[in-house]
Amino acid sequence: LAEREQGARSGPAALPLALLCVTRPDGALLAALVGLGVLLARGLTRESLVVVVRLGVPSVLAVLGQLAFRLTYYGDVVPNTAHAKLALTTERLATGWSYVASAGEWSWPLLLMAAPAVLRPRRVVWLPAAPLLGWLAYVAFIGGDIFPGRRHLVPAAVCLGFVIATGMTDQLRKRPWLGVLVAVALLGGQARATLRDPENLRAMDERWEWEGEVVGRLLRTAFWREQPLVAVDPAGCVPYFSELPSLDLLGLNDRYLATHPPADFGRGWLGHELGDGAYVWSRKPDLVLLCGPRGHAAGCFRSGRELLARPDFRAAYVLVEF
């Protein structure tokens, strides 16, 4: 795409980019960054614009199709989670920068492998570098992520691999044995860093989601006929396994909570700031599961704390231990 003048070669890449736009709303950003990388790598010429158009048209159609579905089905331009998580505050930007910087700290061997592409750059390096830099900026802007394993940086890791390949190509041609030895040494260092990365260790140790399977199947077995409304903080695992009507107390899957944020929104823990005890009380849930899948007598987040502070809630509900 970057070095050849055969515009038709953009066809095989257009379909995966379009599918990416269907899979995730922010896939459109990555598709646009790939187009920018093509222009930076090839230069602003008529042929480059033709390549970008051929790359972009399927993605634009995919975005418009998904947008039409979202407007028809959900009545909104952006996903509910965008309302629940996005906030342009200094605290959120600081959290996002820390997320990206921490990943760089534990990926220093790969960054060293990318040094030849930076010290002696060729224009072709912009093809993966533009998506890489743009995606890192986007992840920092949205505040990073609370889950372990650095899942939001998977696209960046792929792009970094292409940057490394671009820079190492000339080195391997000039000094093949030295290039191979350096690459093997740095990859060994990266393997060691990956195995020691606290985020990867947390990903391997985290198991609370599977407690949601046990609790969810218990609720499904006990209450399938009654179909009670379950108000729940862990609104991914428990509703999935219980298959019961559920109210997400954190608002990621609730339209009202996501569009009625508190005054201090954007200054707390990402994805865990929303809540409204009065709204939850008005929904009259049959079961209330606070905090993790095991439940808790005290509220961990806003909805739970406000519910427990209501005398009418305490008078109408009783704490039951299964």
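Preceding this paragraph is the structure being described.
Residues numbered from 1 in each chain as written. Predicted model: local features only at pLDDT ≥ 70, side-chain atom pairs only at ≥ 80, totals over all residues. Heavy atoms only, no water.

Brief notes about the pattern of salt bridges
Phase 1: Across all of its chains, the model carries 14 salt bridges by this definition.
Phase 2: Note that Asp26 and Arg24 form a salt bridge whose closest N and O atoms lie 2.8 Å from each other.
Phase 3: As a salt-bridge pair, Asp76 and Arg255 come within 2.5 Å of each other at their nearest N and O atoms. One end of the pair, Asp76, is in the loop between α3 (46-73) and α4 (80-85); the other, Arg255, is in helix α14 (residues 255-258), with 179 residues separating them in the sequence.
Phase 4: Given the relative accessible area of 12%, Asp76 is considered buried.
Phase 5: Counted as one network, the salt bridges with shared partners bring together Glu199, Arg202 and Glu206. (Salt bridge = Lys/Arg side-chain N within 4 Å of Asp/Glu carboxyl O. Helix = DSSP H or I, 4+ residues; strand = E, 2+ residues; numbered from the N terminus. Buried < 20%, exposed > 50% of the residue type's maximum accessible area, 1.4 Å probe, protein only.)

Re helix α12 (residues 208-223)
Phase 1: For α12, spanning 16 residues, the distance from its first C-alpha to its last is 23 Å, which sits close to the expected 22 Å at 1.5 Å a residue.
Phase 2: The complete set of buried residues in α12 reads Gly212, Val215, Gly216 and Leu219. Buried positions in α12, seen along its axis, are confined to an arc of 105° and lie on one side of it. For α12, the exposed residues set more than 90 degrees away from the buried face come down to Trp210, Val214 and Thr221. (Expected span 1.5 Å × (residues − 1). Arc of directions from axis to C-beta.)

What about the state of the cysteines?
Phase 1: For the structure on display, the rule yields one disulfide.
Phase 2: Here Cys291 connects covalently by a disulfide to Cys300, the sulfurs 2.0 Å from one another. One disulfide, between Cys291 and Cys300, carries an S-S torsion of 105° and so falls in the right-handed class.
Phase 3: Left unpaired, Cys21 is separated from the closest cysteine sulfur, that of Cys159, by 14 Å.
Phase 4: Taking the relative accessible area as the measure of exposure, Cys21 reaches 1% and is therefore buried. (Disulfide = S-S within 2.5 Å.)

What about the environment of Val118?
Phase 1: Along the chain, Val118 turns up in helix α7 (residues 115-119).
Phase 2: Among the residues examined, Val118 registers a relative accessible area of 60% and is labelled exposed.
Phase 3: Note: C-alpha distance between Val118 and Val163 (45 residues apart in sequence) is 8.9 Å.

As for the packing of aromatic side chains
Phase 1: With the rule as written, the count across this model stands at 11 aromatic pairs.
Phase 2: Ring geometry for Tyr73 versus Tyr74: centroids 4.9 Å apart, planes at 75°, classification edge-to-face.
Phase 3: Using a relative accessible area of 59% as the deciding quantity, one classes Tyr73 as exposed.
Phase 4: Each member of the aromatic cluster is reached from another via a ring pair, and the members are Phe69, Tyr73 and Tyr74.
Phase 5: Here the guanidinium or amino end of Arg220 rests over the ring plane of Trp224, the centre of that ring lying 4.6 Å away.
Phase 6: Over the ring of Trp281 we find Lys284, and its NZ or CZ is 4.0 Å from the ring centre. (Phe/Tyr/Trp six-rings, centres within 6.5 Å; stacked < 30°, edge-to-face > 60°. Lys NZ or Arg CZ within 6 Å of the ring centre and 35° of its normal.)

Remember, this is a structural readout, not a statement about activity or role.
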